[in-house]
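What follows is each chain in one-letter form.
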Amino acid sequence: MAHDHLHDEDDDDLARGKEPVPHDVQEAIRTLIRWSGDDPAREGLLDTPKRVARAWKEYCQGYGEDPSAHLARQFEEVGGYNELVLLKDIPFQSHCEHHMAPIVGKAAIAYLPRHKVVGISKLARVLHAYARRLQIQERLTSEVAQCIWDALKPHGVAVVIEAQHGCMTGRGVRTPGVGMVTSRLIGTFLEDNRSRKEVLSLMGY
Ligand SMILES: Nc1nc2c(ncn2[C@@H]2O[C@H](COP(=O)(O)OP(=O)(O)OP(=O)(O)O)[C@@H](O)[C@H]2O)c(=O)[nH]1
Ligand SMILES: [Zn+2]
């Protein structure tokens, strides 16, 4: 019976430490394979719907995360340090919400602490929590900046993202090598010309 068969399949998945994939999700991917011009019943494609489904769960892991939770642990004792903190060349991957095509790039994140700092890895964690969703680069940029601004209440936040969009390289206009740059500056970095210049030049812009 089809139902028993499904059940066995789920047990096999669990035994292999894999999350079972609902039948309708697998069927959707089979439909996409057919639509693309191939036969989902051929040998090499039999397990593909499950792999694709699990891959998308991973690409979109950010939906299961509260990005601001990464900034909950803050350190007050910073030895009188009151200059900017900058993390640059943080590689990330995301997917565009228009084509679900890969967005691959790097981010620079800076803030000017007021009282508190966070562990630097946490800035990258915030970036990934937002990147692992369906995005447009503008929203990704401002969400990361706003999250740090709200959680740390620093004097300023600056986020600059440079990325290439799979939907521009592999399809559509098919123009590889184009970098899209977006920036979001808040507080001192927005209001004070000297601070803005300093942070952008430290970021390499
Ligand atoms: N602003 C912005 N646009 C994006 C991003 N990612 C993809 N796009 C663009 O979203 C647009 C969607 O345009 P549509 O005309 O609706 O879609 P389309 O017919 O597939 O467009 P083409 O890509 O030009 O073939 C395209 O111009 C994409 O290049 C992003 O992060 N930010
Ligand atoms: Zn796109």
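Keep in mind it's a predicted model, so treat the numbers as computed, not measured.

1. Here we look at the coordination of the zinc ion (ligand 2)
Ligation of the zinc ion (ligand 2) by protein atoms is provided by Cys96 (SG), His99 (ND1) and Cys167 (SG), these donors lying 2.1 to 2.3 Å from the ion. Histidine 99 gets classed as partly exposed once you look at its relative accessible area, which sits at 38%.

2. Concerning the nonpolar core
Ranked by internal contacts, the top residues of the largest apolar core, which has 31 residues, are Phe92, Tyr111, Leu127, Val144 and Ile148. Within the residue set of this core, elements represented by two or more residues are strand 2 (85-96), strand 3 (102-112), strand 4 (117-118), helix 4 (120-131), helix 5 (137-152) and strand 6 (156-165). If near-sequence neighbours (up to four positions away) are discounted, valine 144 is found in contact with Ile109, Val126, Leu127, Tyr130 and Val159. One finds Leu112, Ala158, Leu185 and Met203 within the second-largest nonpolar core, a separate group that totals ten residues.

3. So, the sheet that holds strand 2
The strand order 5-2-3-6-7 describes an open sheet built from five strands, whose pairing is mixed. Edge positions in the open sheet fall to strand 5 (134-135) and strand 7 (180-187), since each of these has one partner strand only. Alignment of strand 2 against strand 5, held across two bridges, turns out to be parallel. What sits directly across from histidine 95, in strand 5, is leucine 134. Where helix 4 meets the sheet, its contacts fall on strand 2, strand 3, strand 5 and strand 6, and the angle it forms with strand 2 comes to roughly 20 degrees.

4. Re the site of ligand 1
Surveying the vicinity of ligand 1 reveals the residues Cys96, His98, His99, Ile136, Gln137, Glu138, His165, Cys167, Met168, Arg171, Gly172 and Met180. Here a nitrogen atom of ligand 1 sits 2.7 Å away from a polar atom, N or O, in the side chain of glutamate 138. Here a nitrogen atom of ligand 1 and a side-chain polar atom of histidine 165 are 3.1 Å apart. If ligand 1 stood free it would expose 630 Å²; the protein chains cover 53% of that surface. Of all the elements in the fold, those that place two or more residues in the shell around ligand 1 are helix 5 and helix 6 (166-169).

5. As for the UniProt feature "binding site: Zn(2+)" (unreviewed entry) in the protein
UniProt feature "binding site: Zn(2+)" (unreviewed entry): in the numbering of this structure it lies at Cys96, His99 and Cys167. Taking the farthest pair of C-alpha atoms as the criterion, the annotated set spanning 72 residues converges on one region, since that pair is 7.9 Å apart. Position of cysteine 96 among the secondary structure elements: in strand 2. Residue cysteine 96 is classed as buried on the basis of its relative accessible area, which comes to 4%. Sequence-distant contacts of cysteine 96, defined by excluding residues within four places in its chain, comprise Ala101, Ile103, Leu134, Gln135 and Cys167. In this fold, cysteine 167 is placed in helix 6. If we skip the residues at most four places from it in the chain, cysteine 167 touches Cys96, His99, Ala101 and Gly172.

6. Some words on the domain arrangement of the protein
When the domains of the protein are assigned, the result is domain 1 (2-59) and domain 2 (75-203). Measuring from the centre of the C-alpha atoms in domain 1 to the corresponding centre in domain 2 gives 35 Å.

7. Here's the deal with a nonpolar patch on the surface
Nonpolar side chains collect at one region of the surface, where Met168, Val173 and Val178 lie side by side and expose about 230 Å² of accessible area between them. Tracing the backbone shows valine 178 in the loop between helix 6 and strand 7.

8. A word on the UniProt feature "domain: GTP cyclohydrolase I" (unreviewed entry) in the protein
Within the UniProt annotation, "domain: GTP cyclohydrolase I" (unreviewed entry) is assigned to residues 26-203. End C-alpha atoms of residues 26-203 are separated by 44 Å, and the span's content is 39% helix alongside 26% strand.

9. A look at the layout of surface pockets
Empty space left among the atoms is revealed by rolling a probe the size of a water molecule over them. Estimated volume of the largest pocket: approximately 150 Å³. As for the largest pocket, its lining consists of Glu19, Pro20, Val21, Pro22, Val25, Ile29, Val52, Ala53, Arg54, Trp56 and Lys57. Among the elements of the structure, helix 2 (23-36) and helix 3 (48-59) are those that each provide at least two residues to the lining of the largest pocket. At five residues, helix 3 tops the list of elements feeding residues into the lining of the largest pocket. For the lining of the largest pocket, the class distribution of residues is eight nonpolar, no polar and three charged.

Basis of the calculations
- Residues numbered from 1 in each chain as written.
- Chains lettered and ligands numbered in written order.
- Predicted model: local features only at pLDDT ≥ 70, side-chain atom pairs only at ≥ 80, totals over all residues.
- Heavy atoms only, no water.
- Donors = N, O, S within 2.8 Å, 3.2 Å for Na, K, Ca; no water.
- Buried < 20%, exposed > 50% of the residue type's maximum accessible area, 1.4 Å probe, protein only.
- Core = buried A, V, L, I, M, F, W, Y, C linked by side-chain atoms within 4.5 Å.
- Helix = DSSP H or I, 4+ residues; strand = E, 2+ residues; numbered from the N terminus.
- Contact = heavy atoms within 4.5 Å.
- Pairing = 2+ DSSP bridges.
- Axes fitted to C-alpha atoms, helices over the stretch in contact; angles between N-to-C directions.
- Near = heavy atom within 4 Å.
- Polar contact = N/O pair within 3.5 Å; in protein donor to acceptor, adjacent residues only side chain to side chain.
- Areas by Shrake-Rupley, 256 points an atom, 1.4 Å probe, with all protein chains shown as cover.
- UniProt positions renumbered as here; feature names shortened; annotations may be inferred.
- Domains from an automatic or database assignment.
- Patch = residues over 30% accessible without salt bridge, like charges linked within 9 Å, V, L, I, M, F, W, Y side chains within 5 Å.
- Salt bridge = Lys/Arg side-chain N within 4 Å of Asp/Glu carboxyl O.
- 1 Å grid on protein atoms, 1.4 Å probe; cavity = no way out; pocket = protein on both sides within 12 Å on 5 of 7 lines; lining within 4 Å.
- Points joined across faces, edges and corners; volume = space filled by probe spheres on them.
- Nonpolar A, V, L, I, M, F, W, Y, C, P; charged D, E, K, R; others polar.

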